[in-house]
Amino acid sequence: MTLELPVIPKPGEVFLAVELTAVENMTVVQTLKLLEDMGYNPTLRYRQIPDGRICVYALLRHENVDPEILQNSDYLGEQLDALAEVIQPADAITSPRGISSAKMLAPV
């Protein structure tokens, strides 16, 4: 098992994570406790960014889903909304989805 959180998920792969190092309204301990109280079992992951800094994440969900489902739905939308109500700033929440790039192109 790798502890590094991928930047680009594989097709159909979905992550839901909170960047603990970016949360401004709570400490890391408070954030983890809140996530557990919300029913998650967070596991720690990291990502090293090009400038050398390390970002630490609480991984809440990691699953593989049919890419067709991801294309036409608000997958994890309710969970993202619930997290955005308590995590500040909301962009500390990340949910990359592996959608085939060919399918992402909108018809012209």
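Since the model is a prediction, treat every value here as computed from it, not as a measurement. (Residues numbered from 1 in each chain as written. Predicted model: local features only at pLDDT ≥ 70, side-chain atom pairs only at ≥ 80, totals over all residues. Heavy atoms only, no water.)

The next thing to look at is the overall build of the chain. From N to C terminus, the chain includes four helices and four strands. Beginning at the N terminus, the succession of helices and strands in the chain can be written as β-α-β-β-α-α-β-α. Taken over 108 residues, the chain has a buried fraction of 34%. Considering only intrachain contacts with a sequence separation of at least 6, the fraction spanning at least 24 residues in the chain is 68%. Of the roughly 6800 Å² of accessible surface on the chain, a fraction of 55% belongs to carbon and sulfur atoms. (Helix = DSSP H or I, 4+ residues; strand = E, 2+ residues; numbered from the N terminus. Buried < 20%, exposed > 50% of the residue type's maximum accessible area, 1.4 Å probe, protein only. Contact = heavy atoms within 4.5 Å. Areas by Shrake-Rupley, 256 points an atom, 1.4 Å probe, with all protein chains shown as cover.)

Backbone hydrogen bonds are what pair the strands of a sheet, in a parallel or an antiparallel way. With antiparallel pairing, the four strands of this open sheet are ordered in space as 2-3-1-4. Where the open sheet ends on each side, the last strands, each with one partner, are strand 2 (43-48) and strand 4 (93-94). By the bridge criterion, two bridges tie strand 1 (residues 13-19) to strand 4 in an arrangement that is antiparallel. Across the sheet, the residue bridging to A17 is T94, located in strand 4. Strands in contact with helix 1 (residues 28-37) are strand 1, strand 2 and strand 3 (54-64); relative to strand 3, the strand with the most contacts, it is inclined by about 10°. (Pairing = 2+ DSSP bridges. Axes fitted to C-alpha atoms, helices over the stretch in contact; angles between N-to-C directions.)

As paired elements, strand 1 and strand 3 share seven bridges and run antiparallel to each other. Within the sheet, the bridge partner assigned to A17 lies in strand 3 and is L59. Across six bridges, the pairing between strand 2 and strand 3 is antiparallel. Counted as the bridge partner of T43 is L59 from strand 3.

Next up on the list: a nonpolar patch on the surface. A cluster of nonpolar residues, L3, Y46 and I54, forms a patch on the protein surface that exposes about 260 Å² of accessible area. The topology assignment puts I54 in strand 3. (Patch = residues over 30% accessible without salt bridge, like charges linked within 9 Å, V, L, I, M, F, W, Y side chains within 5 Å. Salt bridge = Lys/Arg side-chain N within 4 Å of Asp/Glu carboxyl O.)

Taken together, the side chains of D74, E78, D81 and E85 present a region of like negative charge at the surface. Counting through the fold element by element, E85 comes out in helix 3 (residues 77-86). (Lys, Arg positive; Asp, Glu negative; His and termini not counted. Charge placed at Lys NZ, Arg CZ, Asp CG, Glu CD.)

Attention now goes to the nonpolar core. Among the nonpolar cores identified, the biggest contains 18 residues, and L16, V18, L35, L60, L83 and I87 are the most heavily contacted of them. Looking at this core, the elements with two or more residues in it are strand 1 and strand 3. The element best represented in this core is strand 1, accounting for three residues. Once you skip the residues sitting within four places of it in the chain, L83 turns out to touch L16, L35, M38, Y40, L60 and I93. (Core = buried A, V, L, I, M, F, W, Y, C linked by side-chain atoms within 4.5 Å.)

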